[in-house]
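Here are the chains, one letter per residue:
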Amino acid sequence: MTALTTVRRPAAERTGFGRRFLARHVAWVPVFAALGILLVMIVGAVAYFPNFQLPRILSSILLDNAYLLVLAVGMTFVILTGGIDLSVGAVMAFTGILCARLLGDGVPVAVAVPSMILIGAAIGLLIGLLVQYFDVQPFIASLIGMFLARGLAFVVSLESIKVADEGLLWLQSTRFTLGTWYITPTGIIALLSVAIAAIVLRYTRFGRTIYAVGGNEQSARLMGLAVVRTKLIAYVISGVCAGLAGIILTAYSGAGYPLNGMGTELDTIAAVVIGGTLLTGGSGFVFGSMIGVFVYGLIKTIISFLGAEQSWTRITVGALLLVFVVVQRVIVRRSARRG
């Protein structure tokens, strides 16, 4: 009996270790799934299209979707708290066209750009206040912010405003090359936002509180965590990212337009969810959101190579979103059983 016990105990310990390992790293499963899909798409595209130059294509995806990546960073913070922000596309349009108008009126770019970021932060703060102090559902509060920002964009101008300021256009026109790879300042800004957000979420008290609030807000309150302040800051961060995205999109397109960003909030949410962030909050990584943006961008690129209509982009993203939502539900249920 003693011998049997001695033999079986290490096996039990190994099983326990395996379960603990999976329990600790289960949040990474959707991220690795998204990364796997991205790699499969890349391999398939390289094999199918003879003129598919990977370095140039990936550089182009970052160039075209830098604004979406910045929006996804802010959206990740909000969704991690269990909220949602539908205003980001409209805020991006408003700050973009207002920036173009100010630059056209002779306002220095050093004044216009920070002002747009502050305006985005103010709208994010308004949404956060509605959610926290007036008990408005995040969906409705952010919808109010969306209508407000979109209306203000039309107040600024009903038509597009061309940007001639070289200081802003430099963000998009300048390219730093390394072989066949290239990156623009807008791409660098987008990647820096990912890096800063990842550090904040992983190594700061605020980041840990974000996860705690999203995991169980009531427990976070009982632990004495600053729940209200944390959720307010999360919406402010989303607003800041939306304001920054408006500047990036204006530099990218060379003009501000009040109809920019129509439906972009849904693309942003889709990218974040595909990247593995739970819509219920408390689990997810900004690195996964970045992968989700690249998956989205690569889908659009492949469809363009196929010569198909861009409506297939929506269909494909919708199918992927369905798969990842189902995966998330499975993870949540297993976590609940384990708890």
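Whatever comes next refers back to the structure up there.
Keep in mind the model is a prediction, meaning the values are calculated, not measured. (Residues numbered from 1 in each chain as written. Predicted model: local features only at pLDDT ≥ 70, side-chain atom pairs only at ≥ 80, totals over all residues. Heavy atoms only, no water.)

Asker: Describe in detail the environment of threonine 277, supporting the description with residues and values.
Answerer: Within the element layout of this structure, threonine 277 appears in the loop between helix H13 (264-274) and helix H14 (286-306). The exposure class of threonine 277 is buried, given its relative accessible area of 0%. Considered as a pair, threonine 277 and tryptophan 28 are 249 residues apart in the sequence and their alpha carbons are 9.5 Å apart. (Helix = DSSP H or I, 4+ residues; strand = E, 2+ residues; numbered from the N terminus. Buried < 20%, exposed > 50% of the residue type's maximum accessible area, 1.4 Å probe, protein only.)

Asker: An account of the pattern of salt bridges is needed here, citing residue identities and associated values.
Answerer: In total, this model carries two salt bridges according to the counting rule given. The salt bridge involving glutamate 217 is made with arginine 221; its shortest N-O contact spans 2.7 Å. One end of the pair is glutamate 217 and the other is arginine 221, both in helix H11 (residues 217-222) and four residues apart, which spans about a single turn. The exposure class of glutamate 217 is partly exposed, given its relative accessible area of 24%. By relative accessible area, arginine 221 is classed as partly exposed at 39%. With a shortest N-O distance of 3.2 Å, glutamate 217 and lysine 231 are connected by a salt bridge. Here the residue glutamate 217 occupies a position in helix H11, and lysine 231 occupies one in helix H12 (residues 227-253), the gap between them amounting to 14 residues. Here the salt bridges share partners, and the residues they tie into one network are Glu217, Arg221 and Lys231. (Salt bridge = Lys/Arg side-chain N within 4 Å of Asp/Glu carboxyl O.)

Asker: Residue-level account of the packing of aromatic side chains, with values.
Answerer: Evaluation of the coordinates by the stated rule reveals seven aromatic pairs. With centroids separated by 4.9 Å and ring planes inclined at 85 degrees, the aromatic side chains of tyrosine 48 and phenylalanine 49 adopt a geometry described as edge-to-face. For tyrosine 48, a relative accessible area of 61% puts it in the exposed group. By relative accessible area, which is 9% here, phenylalanine 49 ends up buried. An angle of 25 degrees between the planes, with centres 6.4 Å apart, marks the rings of phenylalanine 49 and phenylalanine 52 as stacked. Of the two residues examined, phenylalanine 49 and phenylalanine 52, each falls in the buried class. Here the aromatic cluster, defined as three or more aromatic residues joined through ring pairs, consists of Tyr48, Phe49, Phe52 and Phe305. (Phe/Tyr/Trp six-rings, centres within 6.5 Å; stacked < 30°, edge-to-face > 60°.)

Asker: Outline the nonpolar core, supporting the account with residue identities and numerical values.
Answerer: Membership of the largest hydrophobic core comes to 91 residues, with the highest contact counts inside it found for Tyr67, Phe77, Leu168, Val295 and Leu298. The greatest single-element share of this core, amounting to 13 residues, is contributed by helix H4 (residues 66-80). Discounting chain neighbours no more than four positions away, the residues touching tyrosine 67 are Met92, Ala245, Ile248, Leu249 and Thr264. (Core = buried A, V, L, I, M, F, W, Y, C linked by side-chain atoms within 4.5 Å. Contact = heavy atoms within 4.5 Å.)

Asker: Residues and numbers for the packing of helix H5 (residues 88-104) against H12, please.
Answerer: Running from N to C, H5 and H12 point in directions that differ by 50 degrees, and their axes come no closer than 7 Å. The orientation of H5 with respect to H12, classified from their angle, is oblique. Note that H5 runs across H12; the crossing there is right-handed. Of the residues in H12, those in contact with Val88, Val91, Met92, Thr95, Gly96 and Ala100 of H5 are Ser238, Gly239, Ala242, Gly243, Ala245, Gly246, Leu249 and Thr250. Looking at side-chain class alone, the contact of H5 with H12 contains seven nonpolar, seven polar and no charged residues. (Axes fitted to C-alpha atoms, helices over the stretch in contact; angles between N-to-C directions. Parallel < 35°, antiparallel > 145°, perpendicular 65-115°, else oblique. Left-handed = near helix turned anticlockwise from the far one by under 90°. Nonpolar A, V, L, I, M, F, W, Y, C, P; charged D, E, K, R; others polar.)

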